Amino acid sequence: MITYNTENVKMPAIRRRDTTAWIRRVAATYGKKVGEVGYLFCDDDHIIAVNREYLGHDYYTDIITFDYCEGNTISGDLVISLDTVRTNARKYGKDYDEELHRVIIHGILHLCGLNDKGPGERKLMEAAEDRALALR
């Protein structure tokens, strides 16, 4: 089950049923099933508090992924700052809706086993995001 909740923001204008089906399609391309995935859309104040408390990081980010996967079933909590998504969309000259969906699927790709911190991993992640967005 995939759930969508908010903290300090209005629910973004996403089509939840379509988004859920898309997430399942993307996960399936990695041989994964979707278990319990919870999205929490929030503001920058909330995400920096989560980042400080759980990761010891003192900076804003667009998404934090908590991985609870077991075997081929992906499960996790994904915290997304709509403020940072909006800032990044402007910064990179992207449409807000496209940037939001890129971040939504970015967390799923992490749960599927992709990383973006090591050498060359960022480029692989971006290519995976592009492929996933094409499935939307």
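What you are looking at is a predicted structure, and each value in this text was computed from that prediction instead of being measured. (Residues numbered from 1 in each chain as written. Predicted model: local features only at pLDDT ≥ 70, side-chain atom pairs only at ≥ 80, totals over all residues. Heavy atoms only, no water.)

Q: Provide a residue-level description of the packing of helix α3 (residues 82-91) against helix α4 (residues 96-111), including the pertinent values.
A: The interhelical angle for the contact between α3 and α4, taken along N-to-C directions, is 125°, at an axis separation of 9 Å. In terms of axis orientation, α3 runs oblique to α4. Seen along the crossing, α3 lies across α4 with a hand that is right-handed. In contact with L82, V85, R86, N88 and A89 of α3, α4 contributes Y96, E99, L100 and V103. A class-by-class count of the residues in the contact of α3 with α4 yields six nonpolar, one polar and two charged. (Axes fitted to C-alpha atoms, helices over the stretch in contact; angles between N-to-C directions. Helix = DSSP H or I, 4+ residues; strand = E, 2+ residues; numbered from the N terminus. Parallel < 35°, antiparallel > 145°, perpendicular 65-115°, else oblique. Left-handed = near helix turned anticlockwise from the far one by under 90°. Contact = heavy atoms within 4.5 Å. Nonpolar A, V, L, I, M, F, W, Y, C, P; charged D, E, K, R; others polar.)

Q: Which residues make up the environment of V50, and what are the values?
A: Residue placement: V50 occurs in helix α2 (residues 44-55). For V50, the contacting residues outside a window of four places in its chain are L55, I64 and F66.

Q: I'd like a description of the layout of surface pockets, backed by residues and values.
A: Taken as a whole, the largest pocket encloses approximately 840 Å³ of empty space. In this structure, the largest pocket is lined by 26 residues; those nearest its centre are D62, H106, D116, K117 and R122. The element best represented in the lining of the largest pocket is α4, accounting for five residues. Of the residues assigned to the lining of the largest pocket, the class counts are seven nonpolar, nine polar and 10 charged. (1 Å grid on protein atoms, 1.4 Å probe; cavity = no way out; pocket = protein on both sides within 12 Å on 5 of 7 lines; lining within 4 Å. Points joined across faces, edges and corners; volume = space filled by probe spheres on them.)

Q: Report on unusual backbone geometry, specifying residues and quantitative values.
A: For N8, which is not glycine, the phi dihedral falls at a positive 70°. The topology assignment puts N8 in the loop between β1 (2-7) and α1 (16-29).

Q: Help me get a handle on the side chain of D43, residues and values and all.
A: Among the secondary structure elements, D43 is positioned in the loop between β2 (33-42) and α2. The buried charged residue D43 lacks any salt bridge, with R86 as its nearest oppositely charged partner at 9.8 Å. Among the polar contacts listed, one links the side chain of D43 to the backbone nitrogen of H46, at a separation of 2.9 Å. Look past the residues within four positions of D43 in its chain and what remains in contact with it is E7, N8, V9, S81 and D83. (Buried < 20%, exposed > 50% of the residue type's maximum accessible area, 1.4 Å probe, protein only. Lys, Arg positive; Asp, Glu negative; His and termini not counted. Salt bridge = Lys/Arg side-chain N within 4 Å of Asp/Glu carboxyl O. Polar contact = N/O pair within 3.5 Å; in protein donor to acceptor, adjacent residues only side chain to side chain.)

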